[in-house]
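Descriptive analysis of the structure
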Amino acid sequence: MKLAVGGFAAALGAVSVAPNMTSAANLQWEGRAPDTDLSAALDAASLLNALPQDASAQDVLVAAQADYARLISAFYSAGFFGPTISITIDGREAASIPPVSPPSVVSQVVIRTTSGPQFVFGKAEIAPLAARTEMPAGFAKGAPAGTDILRGAVTTSVDAWRNAGHAKAQPVAQDISADHPNAQLNASVTLDPGPRLTFGDLLVDSKSTVSDERIAEIAGLPTGSVYSPQELRRVTTRLRRTGTFGTVSLTESDTIGPNETLDITAQITDQTPRRFGFGAEISSLEGLGVSAYWMHRNFLGGAERLRIEGEIEGIGGESGGTDYRLSARFDRPATFNEDTNFYAVAEIERQDEVLYELDTASIEIGIKRFATEKREYTFGIGIETAHSVDAFGTRDYTIFTLPVGVQFDYRDDTLDAKKGYYANISATPFLSIEGAGNGLRTYADLRAFYTIETARPLTFALRGQLGSVAGVSQALAPTDFLFYSGGGGTVRGQSYQSLSVDLGGGNLVGGRSFIGLSSELRLEATDTIGLVGFYDIGYIGSESFPNGTDGDWHSGAGVGLRYATGIGPIRLDVAVPVSGPDTSSDLQIYIGIGQSF
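Residues numbered from 1 in each chain as written. Predicted model: local features only at pLDDT ≥ 70, side-chain atom pairs only at ≥ 80, totals over all residues. Heavy atoms only, no water.

**Some points on the overall build of the protein**
Stated precisely, the cut-off is as follows: Helix and strand definitions follow DSSP, with helices as H or I runs of at least four residues and strands as E runs of at least two, each counted in order from the N terminus. C-alpha atoms define the radius of gyration in this analysis, and the globule rule sets the expected value at 2.2 Å times the number of residues to the power 0.38.
The helix and strand tally for the protein stands at 5 helices and 30 strands. The C-alpha atoms of the protein give 32 Å as radius of gyration, which overshoots the globular expectation for 597 residues (25 Å, by more than 25%). Its C-alpha atoms give the protein principal-axis dimensions of roughly 95 × 65 × 45 Å.

Right, dumping it as structure tokens:
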């Protein structure tokens, strides 16, 4: 039997195929032009060649009989509405073979297709349309026709009405026909926008330990405002970013409420409330660093998060002694409004570095404002007290801080970015309560990523860092506010904090200005293995704002290996010093999880 197609249908499939020999059958394809978009679409639709090498005759028959509809759909999607399709199994048309009596052995399968002419739109009409609806460019009279284009045009039209507040917009009538003599597809679709609706109540269907009232506060559904799909996405984001809930699903009511309102049902379940984890990073010079944390996702029953974290660094390293840090952080979502969180952080830390020793204790409270999913702002108030030993001697100081910051994160992946950009900029005014001066510390971390999409993608990654301490001398500046360069976070290949300011007589301290530049070329050698080449530059100066001339520069370069895992790539970097005051350090090795930036 040869199947001639002259009506209109819609079905989709997506598996890959290219004719080859299997133990089940020798598959041949006749009547198609190779290396065309249509050929690729047919290849992507057929099931026959997706069969494993040991496929049974029954599997071949089932795939062949399914391929009729799948190939028809591929032709229709590409705008060919008069194709013929024949699939024979050892000379018998597959459609005529009873599924309950398959052949015991299959030697040869032949697919024969003819496309017929490609149709164009004779009529392309969808009405009524919302104001400023931007229809797909291909949906127009005389343009190549196809079911994908038609479906996309209908979806675009409905979405435009929904974005204008008409949540119940839908197609209510359609007149679609193929004019074979003229090779035209005539499509006319009628929409019913429905009334313009406003948000009603948020109805909570929850198995959460968080109360319904608290869930509603976090969600921030704007009851009484005009319906908006974007607002629903924001509601979902607010609930998910708490980290408390395992599943969040919003469902629009099937019926319109009084005064043309639309209620929304939120279905919520909890994550496991408690979680712990640990990590490690090693460098040949800086030694081993280990960390661990314990977290409660619903500490007080209102989706509050408490995280206690400990870290030990410099174990077995040559960059000073061992450093310790213990911190506790509390976050409460939707404290002042649905997009503003309250936080409180307490931390104690011991830093035993080559050029200084520092013991600190600090407390900070503040707010974090989520302007969008990609932009956030912070403002805090803090107190830090410290005991410091450095080139200026021993001192105790206490400062009052007002940290503010902004973060833009438009990366496609935080652990393995291939496109987009990231910016984190902070400014911390500080006032001396005892033993220090008054000033301002600023810092910026800027990153950009661009990928050339080839068979093996090639990613260019750039990072720039800029730091400044103004209004106070180095002697009176907080010790941990000064800048150093060298090591895994700045210039790989150079010794950790090896670049500083020389006061003379062998006395070295951190600088008041810092520039860091890093570049990486990342190649995906295989689906799991990546190769990286990198070059890093650092500058430290005694001036308040880096001018690049009153301090010292150094650089390092190297190569890296990446192994992709489900939680991000495992990183191995090997680097050597290239230029600077000290280029005698040995080969440096860095191991961690995630890209270096």
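**Thoughts on the nonpolar core**
Put simply, the rule reads: Here the nonpolar core consists of buried residues drawn from Ala, Val, Leu, Ile, Met, Phe, Trp, Tyr and Cys, with membership extended through side-chain atoms lying within 4.5 Å. Buried residues are those whose accessible area, probed at 1.4 Å on protein chains only, stays under 20% of the maximum for their type, while exposed residues exceed 50% and partly exposed ones sit between those limits.
With 47 residues, the main nonpolar core has Leu48, Leu71, Ile87, Ile89 and Val109 as its most contacted residues. For this core, the secondary-structure elements that each account for two or more residues are strand S2 (26-30), helix H1 (37-45), helix H2 (57-78), strand S3 (84-89), strand S5 (108-114), strand S6 (120-127), helix H3 (147-163) and strand S8 (184-192). It is H2 that contributes the most residues to this core, 11 residues altogether. Counting residues in hydrophobic clusters, the runner-up holds 21 residues, among them Leu197, Leu202, Ile215 and Val235.

**Focus on the environment of Asp536**
What counts, and what does not: Note on definitions: a residue-residue contact is assigned when non-hydrogen atoms from the two residues lie within 4.5 Å. Residues adjacent in sequence count toward polar contacts only when both atoms are side-chain atoms; beyond that, a polar contact is any pair of N or O atoms within 3.5 Å, and within protein one must be able to donate a hydrogen and the other to accept it.
The topology assignment puts Asp536 in strand S27 (residues 529-541). The class for Asp536 is buried, based on a relative accessible area of 0%. When near neighbours in sequence (up to four residues on either side) are disregarded, Asp536 contacts Thr490, Val491, Arg492, Leu517, Ser518, Ser519, His554, Ser555 and Gly556. Looking at Asp536, its side chain comes within polar contact range of the side chain of Arg492, at 2.8 Å.

**Structural notes on the packing of aromatic side chains**
Any aromatic ring pair is given by two values, namely how distant the centres are and how the planes are angled relative to each other. Stated formally: Only the six-membered ring of Trp is used, alongside the rings of Phe and Tyr, when aromatic pairs are assigned; centres must lie within 6.5 Å, and planes under 30 degrees apart are stacked while those over 60 apart are edge-to-face, with the rest tilted.
A full pass over the atoms with the stated rule returns 10 aromatic pairs. Taking 5.3 Å as the distance between ring centres and 70° as the angle between the ring planes, the aromatic pair formed by Phe81 and Phe119 counts as edge-to-face. With Phe81 in the loop between H2 and S3 and Phe119 in the loop between S5 and S6, this residue pair connects regions lying 38 residues apart in the sequence. One exposure class covers both Phe81 and Phe119, and it is buried.

**Focus: H1**
Formally: In this description, one arc is meant: the one made by directions from the helix axis to the C-beta atoms.
Taken as a whole, H1 has its buried residues at Leu38, Ser39, Leu42, Asp43 and Ala45. One side of H1 holds all its buried residues, which, seen down the axis, span an arc of 165°. At its buried positions, H1 is contacted by S2, H2 and S5.

**So, the sheet that holds strand S11 (residues 261-270)**
Our working rule: Strands qualify as paired when DSSP identifies two bridges or more between them. Only the stretch in contact is used when fitting a helix axis, every axis being a line fitted to C-alpha atoms; angles between N-to-C directions are given from 0 to 180 degrees.
Across the sheet, 3 strands lie side by side as S9-S11-S10; this open sheet has mixed pairing. Strands with a single pairing partner mark the edges of an open sheet, and in this sheet they are strand S9 (198-206) and strand S10 (245-252). With strand direction ignored, the average angle separating the axes of adjacent strands in the sheet is 20°. Bridge count between S9 and S11: 7 bridges; the pairing is parallel. Counterpart to Thr198 in the pairing with S11 is Thr261. Sheet strands in contact with helix H4 (residues 212-219) are S9, S10 and S11, and its direction is about 135° off that of S9. The strands touched by helix H5 (residues 229-241) are S9, S10 and S11; relative to S10, the strand with the most contacts, the crossing angle is about 160°.

**What about the confidence of the model for the protein?**
For clarity, the threshold we go by: Values of pLDDT, which run from 0 to 100, indicate the predictor's confidence residue by residue.
Scored by pLDDT, the protein has a mean of 91; 96% of the residues are at 70 or more. Here residues 1-24 is a poorly scored stretch, pLDDT under 50, and it has 75 contacts once near neighbours within four places are set aside; other chains count.

**Overview of the pattern of salt bridges**
Worth spelling out the cut-off: Salt bridges are defined by distance alone: a side-chain nitrogen of Lys or Arg within 4 Å of a carboxyl oxygen of Asp or Glu.
On inspection of all chains with the given rule, the structure shows 30 salt bridges. Lys418 is paired through a salt bridge with Asp416; the nearest N and O atoms lie 3.1 Å apart. Classification of Lys418 by relative accessible area gives partly exposed; the value is 23%. Salt bridges sharing common partners tie together Glu281, Arg492, Glu520, Arg522, Asp536, Arg562, Arg571 and Asp573.

**A look at the side chain of Ser555**
Along the chain, the position of Ser555 falls in strand S28 (residues 552-563). What makes Ser555 buried here is its relative accessible area of 2%. Only 2.6 Å separates the side chain of Ser555 from the side chain of Ser579, close enough to count as a polar contact. In this structure Ser555 touches Val491, Gln494, Tyr535, Asp536, Ile537, Pro577, Val578 and Ser579, once residues within four positions along its chain are discounted.

**A few points about the environment of Gly486**
The topology assignment puts Gly486 in the loop between strand S23 (458-470) and strand S24 (501-504). Apart from the residues within four sequence positions on either side, Gly486 is in contact with Val491, Gln494, Ser495, Tyr496, Gln497, Ser498 and His554.

**A few points about the side chain of Ser388**
By secondary structure assignment, the location of Ser388 is in strand S18 (residues 375-390). Judged by its relative accessible area of 0%, Ser388 is buried. Among the polar contacts listed, one links the side chain of Ser388 to the side chain of Thr479, at a separation of 2.7 Å. The contact partners of Ser388, leaving out residues within four places of it in the chain, are Glu357, Leu358, Gly393, Thr394, Arg395, Tyr397 and Thr479.

**Examining empty space enclosed by the protein**
Operational definition: Cavities and pockets are defined on a 1 Å grid built over the protein atoms alone: a cavity is a set of grid points where a 1.4 Å probe fits but cannot escape, while a pocket is an open set with protein on both sides within 12 Å along at least five of seven lines, and lining residues are those with an atom within 4 Å of any such point. Grid points are joined across faces, edges and corners, and a volume is the space filled by probe spheres set on the points. By the convention adopted, Pro, Cys, Tyr, Trp, Phe, Met, Ile, Leu, Val and Ala count as nonpolar, Lys, Arg, Asp and Glu as charged, and the other residues, Gly among them, as polar.
Here the structure, examined in full by the defined rule, presents 3 cavities of 30 Å³ or more. Space inside the second largest cavity adds up to approximately 50 Å³. In terms of lining, the second largest cavity is formed by Arg463, Gly488, Gly489, Thr490, Arg492, Ser518, Asp536, Ser596 and Phe597. Of the residues contributing to the lining of the second largest cavity, the split by class is 1 nonpolar, 5 polar and 3 charged.

**So, the sheet that holds S8**
If you trace the 3 strands from one edge of the open sheet to the other, you get S6-S8-S7, paired in mixed fashion. Both outer strands of the open sheet, S6 and strand S7 (170-179), are each paired with one neighbouring strand and no more. Geometrically, the sheet is characterised by an average inter-axis angle of 5° between neighbouring strands, direction not taken into account. Of the pairings in the sheet, the one linking S6 to S8 comprises 7 bridges and is parallel in character. If you follow Lys123 over to S8, its bridge partner there is Asn186.

**Overview of H2**
To keep things clear, this is the line we draw: Helices are assigned an expected span. That span is 1.5 Å times one less than the residue count. Bend angle per residue: angle between axes fitted to the 7 residues ending at that residue and the 7 residues starting there.
A rise of 1.5 Å per residue sets the reference length of H2, with its 22 residues, at 32 Å; its end C-alpha atoms lie 31 Å apart and thus fit the reference within 8%. Maximal helix bending in H2 amounts to about 35°, located at Asp67.

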